[in-house]
Amino acid sequence: MAELSYRDAVARGIAQEMERDERVFLIGEDVAGAGGVFKATVGLLDQFGPGRVVDTPISEQAILGAAMGAAMTGLRPIAEIMFSDFFAVCWDIVVNEIAKARYMTDGQVDVPLVIRSANGGGARFGAQHSQSVENWAMAIPGLKVVAPSTPEDVIGLMAASVRDEDPVLFFEHKTLYSHKGEVPDGEIVDELGKAKVVRKGTDATIVALAMMVPRALEAAERLAEDGISAEVIDVRSLIPLDTATILGSVAKTSRLYTVEENPRVLGWGAEIASIVADEAFWDLDAPVRRITTPHIPLPSSAPLEDDTIPSVERIHREVKESMD
Amino acid sequence: MAELSYRDAVARGIAQEMERDERVFLIGEDVAGAGGVFKATVGLLDQFGPGRVVDTPISEQAILGAAMGAAMTGLRPIAEIMFSDFFAVCWDIVVNEIAKARYMTDGQVDVPLVIRSANGGGARFGAQHSQSVENWAMAIPGLKVVAPSTPEDVIGLMAASVRDEDPVLFFEHKTLYSHKGEVPDGEIVDELGKAKVVRKGTDATIVALAMMVPRALEAAERLAEDGISAEVIDVRSLIPLDTATILGSVAKTSRLYTVEENPRVLGWGAEIASIVADEAFWDLDAPVRRITTPHIPLPSSAPLEDDTIPSVERIHREVKESMD
Amino acid sequence: MTNGVRAVDHEYGEHDPILPAPVDPALDQAPIAQETRLAMYQLQEEIRQVEKELHRLFLEGLVQGTSHLYLGMEATATAFGTALRPDDYTFATYRGHGHTLARGVPMKGVFGEMLGRSSGILGGKGGSMHLTSVEHGMLGSYAIIGAHLTIANGAAWSAKYRGTDQVAVAFFGDGTTNIGAFHEALNFAVVYDLPVIFVCENNLYMEYTAIGDITAVPNPAADRAAAYGLERIIVDGNDADAVYLEASRAIEKARAGGGPSLIESLTYRHGGHSRADPGKYRPQEEIDAWMERDPIATYHQRLLRLGVDEGTLTGISTDVARRVEEAVEHAKASPRPSLEASHTNVYADGGARWRN
Amino acid sequence: MTNGVRAVDHEYGEHDPILPAPVDPALDQAPIAQETRLAMYQLQEEIRQVEKELHRLFLEGLVQGTSHLYLGMEATATAFGTALRPDDYTFATYRGHGHTLARGVPMKGVFGEMLGRSSGILGGKGGSMHLTSVEHGMLGSYAIIGAHLTIANGAAWSAKYRGTDQVAVAFFGDGTTNIGAFHEALNFAVVYDLPVIFVCENNLYMEYTAIGDITAVPNPAADRAAAYGLERIIVDGNDADAVYLEASRAIEKARAGGGPSLIESLTYRHGGHSRADPGKYRPQEEIDAWMERDPIATYHQRLLRLGVDEGTLTGISTDVARRVEEAVEHAKASPRPSLEASHTNVYADGGARWRN
Ligand SMILES: Cc1ncc(C[n+]2csc(CCOP(=O)(O)OP(=O)(O)O)c2C)c(N)n1
Ligand SMILES: Cc1ncc(C[n+]2csc(CCOP(=O)(O)OP(=O)(O)O)c2C)c(N)n1
Ligand SMILES: [Mg+2]
Ligand SMILES: [Mg+2]
């Protein structure tokens, strides 16, 4: 066991897989020499050399296209898109090519690759560097979509993603990079498609992802002081989606709250709400409540940004008020 | 009154606005000389000349960037993205630039433009030329999103879109182009953000968009034969979304079905389902049922494609079975 | 207000015709084995006849969706297909039937796919625009302009990484040179010195627009080569021998670690852009001149000059015709895919499950 | 397996230094009015002092988020800002403080924005990377590489369409030349002969990578000019006079209907890419040489040679320092935005309503 930052967990997770499998390589802008703009890949160049840890031009389409072509022909690329907002400049390669190749070729083509990206708000970076776009990816058939909230999960889900035969979009949360957590020694391998009940409770289920998980946990502590026992689920993997764990919890608590950083409309909570409101219709004691960033681009000024992304206070307040 | 095809309605709608306002121009690949690959802009080059109806290189980013810059500086561009699947190659300009400019500049910048695109399946074009991506656009704050289902609506909503001060994504359905409908003579101007009740009913509300509207209407006829009175709502505008009309109908019928071409996960129906399941929680007699394309890329072979996109039969069957 | 902004001063379709170069007589003496030449003749015939048959089937309503024929352009795919090694990689566009056949993919699977049958090489899921046969090194046909140039880089990357001497070839059109992915792919290939060959089949038109009307330079690929430190290469795309020599040179260079090439192959399509297009935006003089310079006719004459007798060539054509007919019959007799097929191969487990 | 695929043979950061050209002595005689030169001196001082102050404020924790300083690069924005007409359009990047000031945007609004106050020119919503002031022709700072080149085309399109003789200028870095949008924008501008000027500020590095390590040609912009039929233009970006002459020429050409230009302005940043970067990947010899060729020191010396007395220049600096201080105090004293501000100006009706 050692304490590790989420940032360092990224590098450790990648190193674990690169050591195990020489087909794995890392490619992206400033990932090698500089160790990444978030310093999440520090040390990998020294350990694996410039042929396996590769700096690129600012050519996101070329980066992901290369990753795809390499994956199709026997390698296991990990590509970085520096900020998830930049998926918009290479979305074609992701959604039209990577996601659809297997299907269009009726299974002839494998595209086993991982695209990592720094996602989410809270760093006062403004509207073009703060988006949470996991919902964009979730909407595309053929992709898998993962977003860890702890250093241990970073490593375990990274390993699962690299070993998966399908393309995985791996969303790292940029304001979690500095968070620390206990991490076991040795190899860590997790599983895609498994949500985690990170706090047991009986009165309400709170489903959260990435940076919303620690906030939901803290809100649950405060709710406990109010006499409300909240169960908190870390979704971890949007595709495959572990609806069994979510529905199981709602069957017990009869109330669901989703907490998401996505702007409101068609945030991932909409899908979970629509599933639960359908399949747990007779279980629910109250409407599913979605706690989201409002449907706005993110502002840069600190007080404005803090007021828009769901905070511990807001989660606590919204759950509490609706349970009164 | 004259009978007009949906295809010809596009050209008439554009011509109406170009005649009215010389700031309006049309730009896109093969929109001028060839009259569009779907022949939806035939005649405009002759009427308005090559300075206002402009063929471009295959440079979707440059096309939309030019439209944006022109809109920022006093013009009213209508840009075409030939197939909506191609939004993926210029998504950055749409979501990071066009959608956010007003907000990031705190209102200094206006971006009044329309981006038209041929959307949807049914033409055996396969996975890269058949997508319904209106849900991608709906998820982005700052955009308005329109998808007409009739020739008259094409003209009226085109006019409303061109006259709107905000950027509008205007989804034309490629298999509706050949559909015909009665269209009044003279200027037609509609309003964004208004759904239309296209069939009155009392037992169930069916909400549909674009090509799903005629199918929902036909399914409703069949349901009538089964003694089920279905109200059909054409959403028309996803943003702004006319939730009042939808909630009003559900308050009456107590049952909601959404019919969408989007692949299942985070299709637009998820948002409507989540709103209705929340705000009409006590009105609903049964869970909201989403009738969607499964969460797969679209296959090209006719029987496969027909089996995946919601058909009249499937809509009829799913509503009927759940009402039994 | 003015009269707006326009690209060119002439009316639509009234641009100056661009005429083909005369056949280079020196090519008769090119060091290409007779059997290679006969194989290229056969392959061009194969592509030609398949495309013509597909057109007929389309008119009969048996080929649905869209299709983009390679008629008139057969020499380029043929020459590359012939020069490549079986383990090399091809990346093509929606206009990729010829490139697919040129890698040795059997006609039956191609016709099956075009007719949307379960015998199709993609089980009826991909269709005309996505022909792929991994076992033949045909790594796919891509229908969104530009993307596959970047993907071809990845295959070349992989070959270099794995230490094989495979090469990757990406075919694309003149119109494609104006999209961003072209630029990214070219720079990227040069930076990493990848064994990849970019082949621009310049048929003078993007869909319905003359390439010269919407491009800043006259030769859309060759005039950009220097922007990536690459050699300027233009080849007569209607002469299989010319293309074969250039292809062999580029392949050899890439295989030997000499990095990427960009080749502009000048050619012309017989018909319109896709099945629905009569191609009226092209000056008649231009059409006539290029029809005259048809690659198969050109090649036929060369082979006669080189002493092959007419009978041999007729024999090849007849044999191809027979195989085409067989393949069509096979496709017609094949069942449509079962409806479950829609739900397979979304994910690597073979299915479409995204939740438990 | 091999050792993989690498771009270069040297170790990271150990590339050959690229040194600045010596000052061109002929520029002392350039036909630039003395008052113009004094204005450019003042503007460079203004940019320099604002950036230095922002750096201090960042260290104090008052500037949050990221910021990309223009220190060392002041000459390019200054010269263009001076050569442009008030109704012309500027498009800049996240490194756009200098370009904003160069259009006459008051410091108060800039500091207000950087401190996230309601007095900011964007009301605190945009921040450092998005400075915009439409009334000054400053049409925005864009933080996603490449996009604004295409948007600048649109402003130029609009000028041409409306029949004004306005021009648009887009500034961007060397690293930006490798993204697809660059290519699309350049071709597009030439096809429609737009009054737009693309100014590549080549400071030799994308974020932390030497531009030469990931680019196929040595001069990332100039070596691409011919790919769009454009003239090859490289200018000493650390000499405001050199840039001014080239800027004036390009602006005049565009205004007269002569179409676009692509200018590569060679320069260097004093510090790292953004606030957090010490810039260690740069050879010390290179840093030293460029610090020596600082644009303001260069200009200072020229003005002295041209007979301006030291006192005048000191007076300018002191005056700028006073105005900077005032603007900072103003920003510090300004309130933070009210929380309602988050919900305004998403749509043209002023609000954020997406449903009824
Ligand atoms: C990104 C994108 N934009 C537009 C299209 C529509 N489109 C299909 S083919 C084509 C013309 C391509 O021209 P060219 O590259 O010259 O190839 P050719 O068809 O002549 O072989 C266009 C515009 C597309 N498929 N993808
Ligand atoms: C599409 C995209 N990719 C990556 C980035 C991250 N990024 C920001 S600045 C930068 C380097 C830009 O280098 P250059 O164009 O030389 O400009 P400079 O910062 O040197 O002025 C990068 C990679 C981005 N903002 N957008
Ligand atoms: Mg072409
Ligand atoms: Mg730079």
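Residues numbered from 1 in each chain as written. Chains lettered and ligands numbered in written order. Predicted model: local features only at pLDDT ≥ 70, side-chain atom pairs only at ≥ 80, totals over all residues. Heavy atoms only, no water.

### A short note on the site of ligand 1
Here is step 1 of the chain: Lining the immediate environment of ligand 1, one finds 21 residues, of which E60(B), Y94(C), R95(C), G175(C) and T176(C) sit closest.
Here is step 2 of the chain: Lying at an intersection of chains, ligand 1 is approached by residues of chains B and C.
Here is step 3 of the chain: Contact between ligand 1 and D174(C): an oxygen atom at 3.0 Å from a side-chain N or O atom of the residue.
Here is step 4 of the chain: Contact between ligand 1 and N203(C): an oxygen atom at 2.9 Å from a side-chain N or O atom of the residue.
Here is step 5 of the chain: In isolation ligand 1 has 580 Å² of accessible area, and contact with the protein removes 97% of it.
Here is step 6 of the chain: The residue makeup of the shell around ligand 1, split by class, is ten nonpolar, six polar and five charged. (Near = heavy atom within 4 Å. Polar contact = N/O pair within 3.5 Å; in protein donor to acceptor, adjacent residues only side chain to side chain. Areas by Shrake-Rupley, 256 points an atom, 1.4 Å probe, with all protein chains shown as cover. Nonpolar A, V, L, I, M, F, W, Y, C, P; charged D, E, K, R; others polar.)

### Things to note about the interface of chain A and chain D
Interface size is commonly expressed as the accessible area that is lost once the parts come together.
Here is step 1 of the chain: Facing 43 residues of chain A, the contacting portion of chain D comprises 41 residues.
Here is step 2 of the chain: Here chain A and chain D share an interface that buries about 3,300 Å² over both sides, 66% of which is from carbon and sulfur atoms.
Here is step 3 of the chain: If you sort the residues of chain A by the area they bury against chain D, I58(A), Q128(A) and L304(A) come out on top, with a joint share of 19%.
Here is step 4 of the chain: Summed over the shared surface of chain A and chain D, the number is zero salt bridges.
Here is step 5 of the chain: Where chain A meets chain D, there are twelve residue pairs in polar contact (both at pLDDT 80 or more).
Here is step 6 of the chain: Elements that contribute at least two residues to the side of chain A that touches chain D include exactly β3 (53-55) and α11 (302-308) of chain A.
Here is step 7 of the chain: Looking at the side of chain A that touches chain D element by element, the count peaks at five residues for α11(A). (Contact = heavy atoms within 4.5 Å. Buried area = accessible area lost by both parts, 1.4 Å probe. Salt bridge = Lys/Arg side-chain N within 4 Å of Asp/Glu carboxyl O. Helix = DSSP H or I, 4+ residues; strand = E, 2+ residues; numbered from the N terminus.)

### Observations regarding the coordination of the magnesium ion (ligand 3)
All names here are of chain C.
Here is step 1 of the chain: Of the protein atoms, only D174 (OD), N203 (OD1) and Y205 (O) coordinate the magnesium ion (ligand 3), at distances of 2.1 to 2.2 Å.
Here is step 2 of the chain: One chain supplies every donor to the magnesium ion (ligand 3), and in sequence these donors are spaced D-x28-N-x1-Y.
Here is step 3 of the chain: N203 gets classed as buried once you look at its relative accessible area, which sits at 4%. (Donors = N, O, S within 2.8 Å, 3.2 Å for Na, K, Ca; no water. Buried < 20%, exposed > 50% of the residue type's maximum accessible area, 1.4 Å probe, protein only.)

### Let's talk about the pattern of salt bridges
Here is step 1 of the chain: Enumeration over the complete set of coordinates arrives at 88 salt bridges over all chains.
Here is step 2 of the chain: Between E17(A) and R163(A) there is a salt bridge, with the nearest N and O atoms lying 2.8 Å from each other. Here the residue E17(A) occupies a position in helix α1 (residues 6-20), and R163(A) occupies one in helix α7 (residues 151-163), the gap between them amounting to 146 residues.
Here is step 3 of the chain: Among the residues examined, R163(A) registers a relative accessible area of 27% and is labelled partly exposed.
Here is step 4 of the chain: E231(D) serves as the salt-bridge partner of R249(D), at 3.1 Å between the closest nitrogen and oxygen. Residue R249(D) is found in helix α7 (residues 240-255), and its partner E231(D) is found in the loop between β4 (196-202) and β5 (234-236); the two are separated by 18 residues along the sequence.
Here is step 5 of the chain: Since its relative accessible area comes to 44%, E231(D) is described here as partly exposed.

### A word on the side chain of T205(A)
Residue and element names in this part refer to chain A.
Here is step 1 of the chain: Relative to the helices and strands, T205 is located in strand β10 (residues 204-208).
Here is step 2 of the chain: Assessed through its relative accessible area of 0%, T205 is described here as buried.
Here is step 3 of the chain: The contacts of T205, once residues within four sequence positions are left out, are E231, I233, S249, V250, T253, R255, L256 and Y257.

### So, the domain arrangement of chain A
Residue and element names in this part refer to chain A.
Here is step 1 of the chain: Considered domain by domain, chain A is made up of domain 1 (2-183) and domain 2 (196-323).
Here is step 2 of the chain: For domain 1 versus domain 2, the separation of C-alpha centres amounts to 26 Å.
Here is step 3 of the chain: Across the domain 1-domain 2 interface, the total number found is four salt bridges.
Here is step 4 of the chain: The salt bridge involving R236 is made with D153; its shortest N-O contact spans 3.1 Å.
Here is step 5 of the chain: Put simply, the parts of the chain that give the side of domain 1 that touches domain 2 at least two residues each are α6 (134-138), β6 (144-146) and α7.
Here is step 6 of the chain: Residues belonging to the side of domain 1 that touches domain 2 are distributed by class as follows: eleven nonpolar, eleven polar and four charged. (Domains from an automatic or database assignment.)

### As for the nonpolar core
Here is step 1 of the chain: Grouped together as the largest cluster of nonpolar side chains are 366 residues, with contacts concentrated most on W91(A), W91(B), F91(C), W157(C), F91(D) and W157(D).
Here is step 2 of the chain: Beyond its immediate stretch of four places on either side in the chain, F91(C) contacts M72(A), L139(C), G140(C), Y142(C), H148(C), I151(C), A152(C), A155(C), A168(C), V169(C), A170(C) and F171(C). (Core = buried A, V, L, I, M, F, W, Y, C linked by side-chain atoms within 4.5 Å.)

### Looking at the environment of D110(B)
Residues and elements named next belong to chain B.
Here is step 1 of the chain: By the secondary structure assignment, D110 is in the loop between α5 (101-104) and β5 (114-119).
Here is step 2 of the chain: Sequence separation between D110 and D166 is 56 residues; the distance between their C-alpha atoms is 7.2 Å.
Here is step 3 of the chain: Excluding anything up to four places from it in sequence, D110 contacts A71, M72 and R102.

### Thoughts on the packing of aromatic side chains
Here is step 1 of the chain: Under the defined criterion, the tally for this structure stands at 44 aromatic pairs over all chains.
Here is step 2 of the chain: The interplanar angle of 40° and the centroid separation of 5.2 Å between the aromatic rings of F25(B) and Y161(D) together place this pair among those described as tilted. Here the residue F25(B) occupies a position in strand β2 (residues 24-28), and Y161(D) occupies one in helix α5 (residues 147-162), the pair thus bridging two chains. The pair F25(B) / Y161(D) is uniform in exposure class, with both members buried. (Phe/Tyr/Trp six-rings, centres within 6.5 Å; stacked < 30°, edge-to-face > 60°.)

### Observations regarding a negative patch on the surface
Here is step 1 of the chain: On the surface, a cluster of negative charge is made up of E225(A), D226(A), E321(A) and D324(A).
Here is step 2 of the chain: Of note, D324(A) is situated in the segment after α12 (312-323). (Patch = residues over 30% accessible without salt bridge, like charges linked within 9 Å, V, L, I, M, F, W, Y side chains within 5 Å. Lys, Arg positive; Asp, Glu negative; His and termini not counted. Charge placed at Lys NZ, Arg CZ, Asp CG, Glu CD.)

### So, the sheet that holds strand β9 (residues 196-199) of chain A
Residue and element names in this part refer to chain A.
Here is step 1 of the chain: If you walk across this open sheet you meet the five strands as β9-β11-β10-β13-β14, and the pairing is mixed. Whereas interior strands pair on both sides, the edge strands pair on one side only; in this sheet they are β9 and β14 (289-293). Recorded for the sheet is a direction-independent mean angle of 25° between the axes of neighbouring strands.
Here is step 2 of the chain: Direction of pairing for β10 relative to strand β13 (residues 256-263): parallel, over a ladder of four bridges. Looking across to β13, one finds that V207 is bridged to T258.
Here is step 3 of the chain: The sheet strands contacting helix α10 (residues 268-279) are β10, β13 and β14, and the helix crosses β13 at an angle near 155°.
Here is step 4 of the chain: Running over the sheet, α12 touches β10, β13 and β14 and is turned about 155° from β14. (Pairing = 2+ DSSP bridges. Axes fitted to C-alpha atoms, helices over the stretch in contact; angles between N-to-C directions.)

### Comments concerning helix α10 (residues 310-333) of chain D
Residues and elements named next belong to chain D.
Here is step 1 of the chain: With 24 residues, α10 ought to run about 34 Å at 1.5 Å a step, and its terminal C-alpha atoms sit 35 Å apart, in line with that.
Here is step 2 of the chain: Every buried residue of α10 is listed here: L313, I316, S317, V320, V324, A327, V328 and A331.
Here is step 3 of the chain: Residues of α10 that are buried make contact with α1 (34-59), α4 (107-114) and α9 (295-305). (Expected span 1.5 Å × (residues − 1).)

### Concerning the interface of chain C and chain A
Here is step 1 of the chain: Residue-level contacts link 40 residues of chain C with 52 residues of chain A.
Here is step 2 of the chain: When the two sides are added together, the surface that chain C and chain A hide from each other amounts to roughly 3,700 Å², 60% of it contributed by carbon and sulfur.
Here is step 3 of the chain: Contact with chain A buries surface across chain C, with Y161(C), Y347(C) and W354(C) losing the most and accounting together for 18% of the total.
Here is step 4 of the chain: Linking chain C to chain A there are two salt bridges.
Here is step 5 of the chain: In this structure, the salt-bridge partner of R355(C) is E279(A), at a minimum N-O distance of 2.6 Å.
Here is step 6 of the chain: Elements represented by at least two residues in the side of chain C that touches chain A include exactly β1 (89-93), β2 (138-142), α5 (147-162) and α6 (180-191) of chain C.
Here is step 7 of the chain: Looking at the side of chain C that touches chain A, the element that brings in the most residues is α5(C), giving nine residues.

### With respect to the site of ligand 2
Here is step 1 of the chain: Not every one of the 21 residues close to ligand 2 is listed here, only the nearest: E60(A), Y94(D), R95(D), G175(D) and T176(D).
Here is step 2 of the chain: More than a single chain frames ligand 2: its nearby residues are located in chains A and D.
Here is step 3 of the chain: Between R95(D) and ligand 2, the recorded distance is 2.7 Å, taken from a side-chain N or O atom to an oxygen atom.
Here is step 4 of the chain: With the chains in place, 98% of the 580 Å² that ligand 2 exposes on its own is no longer accessible.
Here is step 5 of the chain: A class-by-class count of the residues in the shell around ligand 2 yields ten nonpolar, six polar and five charged.

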